[in-house]
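# Tertiary structure, described
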Amino acid sequence: MSEPSIFFFEVNERQGVFHRRAFLLGGFAGLGLLTLTGRLAQLQLVEAQRYQKLSAGNQFNYRLVPPPRGLILDRNGVALASNRPNFRLMVIKEKGMDVEATLDDLATLVPIDGTRRARLLKEVNNAPRKAPVVVMEDMSWEEFSRINIRTPELPNISADMGEVRVYPFGGAFAHVIGYVAKVSDKDVEAARTDLTQDQELLHNPGFRIGRQGVEKAFDIALRGRAGAIKAEVDAQGRVVSLDPAGDIPATPGKEVRLTLDADIQNRALEVMGEESGAIVVMDCRNGDLLAMVSAPSFDANRFVKGLSGAEYKALSEYERKPLLDKALSGTYPPGSTFKPTVGLAALAAGIDPEIRVNCGGSWYYGGRTWRCWQKGGHGAQNMHDAIKNSCDIYFYQTALKIGPDAIANAARAVGFGQTFDIGIPGQKKGLVPDREWKKRAFKRNPANQIWFPGETPSYGIGQGALNVNALQLAVMTARLANGQKALVPRLVKSVGGVEQPSGAAVPDLPFSKEHLEYVRGGMAAVANDVRGTAYRQSQLGLGDVQMAGKTGTAQVRSYDKVKTRNNASYTWKLKDHNLFVAFAPYDAPRYVVVVIVEHGGMGGATAGAPRAREVMRVALLKDPEIRARIERPMPLPEAPVETVDGVVEGAAPEEPEEGGPPPPQPTTPPAGTPGGHI
Amino acid sequence: MTLSGGLSRPGERDRPIIKFMEIDWTFCLLLCLIAGSGALMLFSIAGASWEPWADKHLLRFGLYFVMMIVLAMIDLRVWFSLAYPVYIIGLLLLVAVEAIGDVSLGAQRWLSIGGFRFQPSEIMKLGVVLALARYYHGLSADSARFSWRLLVPAAMIGAPVLLVAHQPDLGTAMLIALTGLAIVILAGLSWRVIATGVIGALVAIPPFVLFVLHDYQRKRVLTFLNPEADQSGSGYHIYQSKIALGSGGLLGKGFGLGSQSQLNFLPEKQTDFIFATLAEEFGFIGCLWVLALYGVVIFMALRIASISHSHFGRLAASGVTATFALYVLINGAMVMGLAPVVGVPMPMLSYGGTVMMTVMIGFGLVQAVRVHRYTEVTSGKGSLM
């Protein structure tokens, strides 16, 4: 193109346009600067305080000081769960750190093999920024000090002293107290929306969360509140300076005191030996649980560090189920231990206890033969004898007379078919069957909704659909022994010094005192009448302090097609459960012991009663008043001499009858072979 | 001005001493104040030390200041004749970068020639200004308003923008594009076209963000829209910058006492986020001071543009001003959380030689326009048309 033909006026026009638009451009720039100024005013003048706080939050870092976890004590102040120092070595993840190099540094301090190294590498890489990853725990003091000297020159490595939970009694309290374990992703997720939980504490490497029992139920109270060390830090989290004036001390977790007694609890686990089952000891004056043991148990300390897969497998697959709390979660047919309850129901229904029922060893009803455990029969039985001898025929017929609903009412009144608020989770309700239940339970099958008369006799001897747990048995026995109050159990005595409500502040039982007295008389005879089903096994050897009880056998299978009920030759799994409930002293009841021995064989006296006796002795001897009573000088020179095992079956015994009311004279034929009772 | 009486003689204005006197020294003083403020901040964040930033910053500024004075003496006709060559060389270098450039931080921006590393995109910032000014110098007002001839400036802007965006350096590409647009508008583009373009851009931005941007670029945009969502990740920069600014308050935390910058919470504190450092230590008052300096510099540069007798001079000086203003506004908006994080520094305040060089060469051009404001620039030889 040739020379552009721009005329003068056009040149002027271009200049004019430019000037106007340059003015606009300047306006735009000015507007932009004004906007920036406005924004600055907003940030620096209006919102300054907010940002000053955030800035201080950046500048000062509160390093968390974990609170010591609250102790769990027994009723006398013996520590059941405490803390011990733990020297740890940690890697602190930082942005842009060389994990490999850090691990190389570590390897010069502590032995790290290939697989461990690979695992650590993964852990550190997955950890969030600034989160410490524990490399080693429980270092010796020598190791700890050696590393501590060198940590200043090793970036990202720190050694510190934390605390770790310890259970001094190992397994004895494992089910009640539970254990603490590493925080899982699930816990973090669950805590995210829970404002009462300290999220930062949850992420602290040494922190453990309560997993079972008291540790779980009182977890928040036991945790305490984390403190902090104030430090000025840079963006990399390196401490520039410390500010001790700004430190916040940690608040230790609250102390939880249980009603349990360590001596009784330990003895209870001890007497269980290799057996599987549960023992519950309760104070029948106020409902305090003195022992609650499930056997076999496990060492809760193993869970604190984290159990290996193999260990866990071994525990969970063992047929005696150590991880199951048999005192609360195991339900069993109560067997003959239910007979006093049926007796109470009968008395309440107006049955005269002195009306005798003849036991000939079997009874034909409803198209089948109902057998007594005593093949030869017990002869004519009143209610007292029937409890003492655990006569099945008497209770088959009595149950039929009063019907299932009356039995169910009495069963609920003494504590079956319900859970109690003892502060820890895991109780199974069991089942108290009645007509109403049948309607509900068999919705799909209307034919089964009616209560068949044939179900009632079994109900009378504590079999059939009836299911109870060991705690309920203890409550039942405690209520009978107390004779007045509908006691409820209490496990937690106080939390952080605040006393928990007593189990005695409850209404009275809906039974007359005479009826309760009568049934207790039968239970006394079980243990103290030479012909009682557990006479020999129930002698405490503590002078006039005597025990009353009731034996029980819970069938685990039908015996209709089996010739003999003698369990001795059966494999463990097929043997009957062996139950015994007891209270003592008979004349002024204080302690209740319930023993369930799973597959312990027939008759509560064989496996249950001797164990109950041992535990009862510990409970009684620990009681200073009982002790004073035992040891007081006898007013008469010819004090009765008793031996624990020395009484020969069938031999004429002297009747030790000091104190309480004398049990009615037995009028029944001599008892059969020892043990093997229902 | 003061010497206007004796300047009517032909050739008198070509005397170096006269030229030297014609330089706008107030303007130069303002530049020194800005660079000095920058050096002060760099001194502070280095823990009251000249090392490693403040000394180099001042040294560079001194060097570029001398260069600016030298460039100011160069006849506007020389600038005019060099406009296209500079542009073409810049374009070729951009292509070369595409082919053989160094990759650093995931982007191909640098070119090394004999051990000297530089970014051709910086040359292009001035190249586009010069080339557009020259092209419009020979264009009638009507053609500049709206005609097929505008395809040429469109191509002049588009080619380098696309090349730079492809490196990818979105910040610089945007800067070049906006500078170019500013010149096109200043030259007299029809308002209708501008309105259409603005509406078109508004429609095109969302799909552009979603489909064309690189992941990290998109992340920055999304982070900008909701910076609090990810405070330790990509929202960290903006978040920490806002904390630094806000915590400064009215009077600031005091010289050397900005915890955000001193303790390294503020990223890129010596370069892109130097303004946040200043805001933290000197507060709202300090910010007003620096923003006022920038405002006056922009105003004076625009004034220089408008007193020029040649259209080339007007457009070149205003183009440089536009670039400078865009630097200030984009960086300011970014630091204050009003714009996404793009690698645009605060000119003269931030540490870093490249941008300072570009800006100072640009101001050399602005001063040359002032010094040669009466010079007749004819589009004789070397014209594109």
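Here the residue numbers are simple positions, counted from 1 along each chain's written sequence. To label them, take the chains in the order written and letter them from A, then take the ligands in the order written and number them from 1. Restriction of local features to residues with pLDDT of at least 70 applies here, the model being predicted, together with a cutoff of 80 or more for giving and counting side-chain atom pairs; totals for whole chains, interfaces and linings are based on all residues. Side-chain descriptors were evaluated using all non-hydrogen atoms of the structure, hydrogens and water having been removed beforehand.

### Here's the deal with the overall build of chain B
Basically, it comes down to this: Helix and strand labels come from DSSP, where a helix needs a run of H or I of at least four residues and a strand needs a run of E of at least two; each type is numbered from the N terminus. The contact criterion used throughout is that any non-hydrogen atoms of two residues lie within 4.5 Å. Only the protein chains shown count as cover for residues, with accessible areas throughout obtained via the Shrake-Rupley method and a probe of 1.4 Å.
For chain B, the count of helices and strands is 15 helices and 3 strands. Residue pairs in contact within chain B that sit at least 24 positions apart in sequence constitute 72% of those at least 6 positions apart. When the accessible surface of chain B is split by element, carbon and sulfur atoms take 70% of a total near 15600 Å².

### Section: the overall build of chain A
Selection rule: Under the scheme applied here, a residue whose accessible area is under 20% of the maximum for its type counts as buried, over 50% as exposed, and between as partly exposed, the area being computed with a 1.4 Å probe on protein chains only.
In terms of helices and strands, chain A carries 22 helices and 23 strands. Relative to its full complement of 678 residues, chain A shows a buried share of 51%. If you sum the accessible surface of chain A, you get close to 30000 Å²; carbon and sulfur atoms cover 55% of it.

### Considering the sheet that holds strand β8 (residues 227-233) of chain A
Pairing between the strands of a sheet comes from backbone hydrogen bonds, and it takes one of two forms, parallel or antiparallel. Residue and element names in this part refer to chain A. Let me state the cut-off plainly: In short, DSSP must find at least two bridges between two strands for them to pair. Axis definition: a line fitted to C-alpha atoms, over the contacting stretch in the case of helices. Angles run 0 to 180 degrees between N-to-C directions.
In spatial order, the strands read β1-β8-β9; together these 3 strands make up an open sheet with antiparallel pairing. Of all strands in the sheet, those with a lone pairing partner are β1 (60-65) and β9 (239-242), marking the two edges. Recorded for the sheet is a direction-independent mean angle of 45° between the axes of neighbouring strands. Two elements, β8 and β9, share 3 bridges in a ladder whose sense is antiparallel. From the neighbouring strand, Glu232 faces β9, where its bridge partner is Ser241. Packing of helix α2 (residues 48-59) onto the sheet brings it into contact with β1 and β8, and relative to β1 it is tilted by some 55°.

### Let's talk about the interface of chain B and chain A
What counts is decided by this rule: Throughout, buried area stands for the accessible area (probe radius 1.4 Å) lost by two parts on being put together, summed over both. Polar contact is defined as a pair of N or O atoms within 3.5 Å, subject to the rule that within protein one atom must be able to donate a hydrogen and the other to accept it, and that residues adjacent in sequence are counted only when both atoms are side-chain atoms.
With 61 residues of chain B in contact, the opposing surface of chain A contributes 42 residues. The junction of chain B with chain A conceals about 4400 Å² of combined surface from both sides, 66% of it contributed by carbon and sulfur atoms. Interface area lost by chain B to chain A is led by Leu186(B), Leu263(B) and Phe284(B), which between them contribute 13%. The tally of links from chain B across to chain A stands at 13 residue pairs in polar contact (both at pLDDT 80 or more). Of all elements in the fold, only α5 (120-137), α6 (141-145), α8 (170-186), α9 (191-211), α11 (236-248), α12 (259-262), α13 (274-307) and α14 (311-335) of chain B reach the threshold of two or more residues within the side of chain B that touches chain A.

### Let's talk about the pattern of salt bridges
Pairs can form between side chains of opposite charge once their charged atoms are near each other. Residue and element names in this part refer to chain A. How we decide: The term salt bridge refers to a pairing of a side-chain nitrogen on Lys or Arg with a carboxyl oxygen on Asp or Glu at a separation within 4 Å.
Evaluated as defined, the whole model comprises 39 salt bridges over all chains. With a closest N to O distance of 3.3 Å, Asp385 and Arg356 form a salt bridge. Within this pair, whereas Asp385 is found in helix α15 (residues 383-389), its partner Arg356 is found in the loop between α14 (339-348) and β14 (357-359), the two being separated by 29 residues in sequence. Arg356 gets classed as partly exposed once you look at its relative accessible area, which sits at 40%.

### Remarks on the environment of Leu222(A)
Residues and elements named next belong to chain A. Tracing the backbone through its elements, the reader meets Leu222 in helix α10 (residues 219-223). For Leu222, a relative accessible area of 0% puts it in the buried group. Non-local contacts of Leu222, meaning those with residues more than four positions away in its chain, are made with Pro68, Arg69, Gly70, Leu71, Ile72, Arg165, Val214, Glu215, Gly253, Lys254 and Val256.

### Some words on the nonpolar core
The nonpolar side chains of a soluble globular protein tend to be buried, and buried together. Test applied: Buried Ala, Val, Leu, Ile, Met, Phe, Trp, Tyr and Cys residues that are joined via side-chain atoms within 4.5 Å together make up what is termed a nonpolar core. A domain assignment, automatic or from a database, supplies the domain bounds used here.
Membership of the largest hydrophobic core comes to 135 residues, with the highest contact counts inside it found for Leu258(A), Met292(A) and Leu491(A). If you tally residues by element for this core, the top one is helix α16 (residues 392-414) of chain A, at 12 residues. Built from parts of two domains, this core gets at least three residues from each of domain 1 (68-248) and domain 2 (262-298 + 325-631) of chain A. Discounting residues that sit within four places of it in the chain, Met292(A) has contacts with Val176(A), Leu260(A), Gln265(A), Ile279(A), Val280(A), Ala327(A), Leu328(A), Ile422(A), Ile424(A), Leu471(A) and Leu491(A). Met156(B), Phe273(B), Phe284(B) and Met356(B) belong to the second-largest nonpolar core, a separate cluster that totals 123 residues.

### So, α11(B)
Residue and element names in this part refer to chain B. Our working definition: Multiplying 1.5 Å by the helix residue count minus one yields the expected span of that helix.
The first and last C-alpha atoms of α11 sit 18 Å apart over 13 residues, in line with the 18 Å expected at 1.5 Å per residue. Buried residues dominate α11, accounting for 12 of its 13 residues. Residues Tyr236, Ile238, Tyr239, Gln240, Ser241, Lys242, Ile243, Ala244, Leu245, Gly246, Ser247 and Gly248 constitute the buried set of α11. Gly249 sits one or two residues past α11 and shows a positive phi near 65°.

### Re the environment of Glu22(B)
Residue placement: Glu22(B) occurs in helix α1 (residues 16-22). Each C-alpha atom, one on Glu22(B) and one on Gln367(B), is 8.6 Å from the other, the two residues being 345 residues apart in sequence.

### With respect to the environment of Gly253(A)
All names here are of chain A. Following the sequence through the fold, Gly253 ends up in the loop between β9 and β10 (256-258). For the pair Gly253 and Asp219, spaced 34 residues apart in the sequence, the C-alpha separation amounts to 9.1 Å. Ignoring any residue separated from it by four or fewer positions in sequence, one finds Gly253 in contact with Pro68, Arg69, Gly70, Ala221, Leu222, Arg223 and Gly224.

### Quick look at the pairing of strand β11 (residues 277-283) of chain A
In the case of a regular strand, side chains alternate between the two sheet surfaces. All names here are of chain A. Among the 7 residues in β11, 7 count as buried, and that is most of the element. Neither face of β11 is exposed, since Gly277, Ile279, Val281 and Asp283 on one face and Ala278, Val280 and Met282 on the opposite face are all buried. Note: β11 against strand β12 (residues 289-295), 6 bridges, orientation antiparallel. The residue bridging Gly277 from the neighbouring strand is Ala295, located in β12. Between the antiparallel neighbours β11 and β12 lie 5 residues, among them Gly287 with a positive phi of about 85°. For β11 and strand β23 (residues 591-597), the ladder comprises 7 bridges, and the chain directions are antiparallel. For Val281, the partnering residue across the bridge sits in β23 and is Val593.

### A short note on the packing of helix α2 (residues 25-45) of chain B against helix α15 (residues 353-371) of chain B
Residue and element names in this part refer to chain B. Rules: What sets the label is the angle itself: under 35 degrees gives roughly parallel, over 145 gives roughly antiparallel, 65 to 115 gives roughly perpendicular, and the rest give oblique. By definition, turning the near helix anticlockwise from the far helix through less than a right angle yields a left-handed crossing, and turning it clockwise yields a right-handed one. Under the convention adopted here, Pro, Cys and the residues Ala, Val, Leu, Ile, Met, Phe, Trp and Tyr are nonpolar, Asp, Glu, Lys and Arg are charged, and Gly plus all remaining residues are polar.
The interhelical angle for the contact between α2 and α15, taken along N-to-C directions, is 165°, at an axis separation of 11 Å. Relative to α15, the element α2 lies roughly antiparallel. As for how α2 packs across α15, the hand of that crossing is right-handed. Residue-level inspection shows Phe27, Cys28 and Leu31 of α2 in contact with α15, the latter providing Met360, Phe363 and Gln367. Considering only residue class, the contact of α2 with α15 consists of 5 nonpolar, 1 polar and no charged.

### Focus: the confidence of the model for chain B
Stated precisely, the cut-off is as follows: For every residue, the predictor states its confidence as a pLDDT score lying anywhere from 0 to 100.
Per-residue confidence for chain B gives a mean pLDDT of 84, with 88% of residues at or over 70. Scoring of the predicted complex yields 0.61 for pTM and 0.89 for ipTM.

### Considerations on the sheet that holds β23(A)
Residues and elements named next belong to chain A. If you trace the 5 strands from one edge of the open sheet to the other, you get β12-β11-β23-β22-β21, paired in antiparallel fashion. Pairing within the sheet leaves two strands with one partner each, and these edge strands are β12 and β21 (548-554). The sheet shows a mean angle of 5° between the axes of neighbouring strands, direction not considered. Note that strand β22 (residues 577-584) and β23 share 7 bridges and pair antiparallel. Its bridge partner lying in β23, Phe583 is registered against Val592. Strand contacts of helix α20 (residues 513-528): β21 and β22, with the helix running at about 80° to β21, the strand carrying the most contacts.

### Observations concerning the packing of aromatic side chains
Test applied: Centres within 6.5 Å make a pair out of two Phe, Tyr or Trp rings, where for Trp the six-membered ring is used; the pair is then stacked when the planes are under 30 degrees apart, edge-to-face when over 60, and tilted otherwise. Over a ring means this: the NZ of a Lys or the CZ of an Arg is within 6 Å of the ring centre and within 35 degrees of the ring normal.
Going through the model one piece at a time under the given rule, you end up with 26 aromatic pairs over all chains. With centroids separated by 5.8 Å and ring planes inclined at 55°, the aromatic side chains of Phe338(A) and Phe416(A) adopt a geometry described as tilted. With Phe338(A) in the loop between β13 (331-332) and α14 and Phe416(A) in the loop between α16 and α17 (435-441), this pair connects stretches of sequence that are 78 residues apart. Its relative accessible area of 0% is what places Phe416(A) among the buried residues. Ring geometry for Phe43(B) against Trp50(B): centres 4.9 Å apart, planes inclined by 55°, an arrangement best described as tilted. Judged by relative accessible area, which is 48%, Trp50(B) ranks as partly exposed. Cluster of aromatic residues (ring-pair linked, three or more members): Phe338(A), Phe416(A), Trp451(A) and Tyr459(A). The positively charged end of Arg50(A) is found above the aromatic ring belonging to Tyr51(A), 4.9 Å away from the centroid.

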